[in-house]
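# Per-entry structural report
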Amino acid sequence: MGIPVSPIVANLYMEHLEQTAIATAPVQRKPRFWNRYVDDVLSVMEMEDNSIPFLDMRVIGKQDGTLKTVVYIKNTHTNQYLHFDSHHPVVHKLGMVRTLLDRVNTVVTEDWDKEEERETIKDALSKCGYPNWTIQETNKRIQLKVAQGTNKTRKPEESQEKSRGLVVVPYIKGMAERLARTLKACNISTAFRPHKTIRNILVYPKDKIGRDDTTGCVYRIECANCNSAYIGETARKFGTRHKEHQADVAAHCKGVSTQATRASMIGDHHKSAITDHMVDNNHIPNWQDAKLVAKEDNLGASGSDQMEQSGVHEQRRWGIPPRPRLRQPSETLDPHWGPKLGPQKK
């Protein structure tokens, strides 16, 4: 749910279910009453084995007319939980154990059923690599919490040191625990989040943005005849800026066929340093291999200032500043851009 097409898809599926499952169900299993709105159903039907599931519990009718409840698990349940050897904080794993044991205490009504459910949980967790101390320690904490009940004393407000906030950090085993202890000494709470998950690696909810549709980026266009490279930035789509460069170079290089004509144009300033280079040296840009070297989400009015501070200039000329030029192979950029620009031509 959550997207406009969800109700339509739900209606289509539920109509298919009504036409097949209900129509082909045995007479003794057909619902006496069935009313549906999208995917919410109100029905009256015979109870299976004098019991009916509701959420995560099964309500069972006893022979004396009373009811009892047990944990309800679907037939497709595989008892696969977060493995103890997985790269997650121990508190997350103990929290999962506590959730399973808390459900036993809150859902199951009879003691015999509680013991049976605890054995089921213990067997499932042992298959997931959980040692016995995790269950024993969690049980002790739950029993202590139940024993204290509402009699748990609280420190006076004036004696409680006010928390200085919460910090959420990526979990890296060993380092994250030390950081949490250090922050706890400063009365700062710490929460962990997974650094890398299978979902993040394999699932892409949105289509990847192509090179030409990327906005707010730093790009590099190399010369096909020498080792010079043009580095610029734009807050618009790269494809739009790329076409502007091509059109500007084509407009100024068109019809320039004689040395005299070309000599008369040397020294003229154009919109871009790439055009100056092509006109002055009669070179050709390598348009097809133009690449993006960095992504900047905050490019705007201060975009050029940010590029200036990083050692990369847009190579444009406005007003009377010194004539812009392409970076020569002997020149170096700020170290911040070295890994992003990659190996340079020699």
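Residues numbered from 1 in each chain as written. Predicted model: local features only at pLDDT ≥ 70, side-chain atom pairs only at ≥ 80, totals over all residues. Heavy atoms only, no water.

Let us look at the overall build of the protein. Looking only at helices and strands, the protein has 11 helices and 10 strands in total. The 346 residues of the protein split such that 27% are buried. For the protein, the proportion of contacts with a sequence separation of at least 24, taken over those separated by at least 6, is 56%. Working note: accessible area of the protein is about 24500 Å², and carbon and sulfur atoms make up 54% of it. (Helix = DSSP H or I, 4+ residues; strand = E, 2+ residues; numbered from the N terminus. Buried < 20%, exposed > 50% of the residue type's maximum accessible area, 1.4 Å probe, protein only. Contact = heavy atoms within 4.5 Å. Areas by Shrake-Rupley, 256 points an atom, 1.4 Å probe, with all protein chains shown as cover.)

Glancing now at the sheet that holds strand β3 (residues 51-54). Pairing in this open sheet of three strands is antiparallel, and the strands run β3-β4-β5 from one edge to the other. A strand with exactly one partner marks an edge of an open sheet, and here the two such strands are β3 and β5 (67-71). Pairwise comparison of adjacent strand axes, ignoring direction, gives a mean angle of 25 degrees for this sheet. Of the strand pairs in this sheet, strand β4 (residues 57-61) and β5 are connected by five bridges, and their pairing is antiparallel. (Pairing = 2+ DSSP bridges. Axes fitted to C-alpha atoms, helices over the stretch in contact; angles between N-to-C directions.)

What follows covers the nonpolar core. Side chains of a nonpolar character, in soluble globular proteins, are inclined to be buried together. In this structure, V97, L101, I121, L125 and Y130 are the most contacted members of the largest nonpolar core, which totals 15 residues. At the level of elements, α2 (90-107), α3 (111-127) and α4 (132-148) are the ones that each hand at least two residues to this core. Looking at which element gives the most residues to this core, the answer is α2, with six residues. Discounting residues that sit within four places of it in the chain, I121 has contacts with L100, L101 and V104. Judged by nonpolar contacts, the second largest core, of 12 residues, contains C217, I221, I274 and A290. (Core = buried A, V, L, I, M, F, W, Y, C linked by side-chain atoms within 4.5 Å.)

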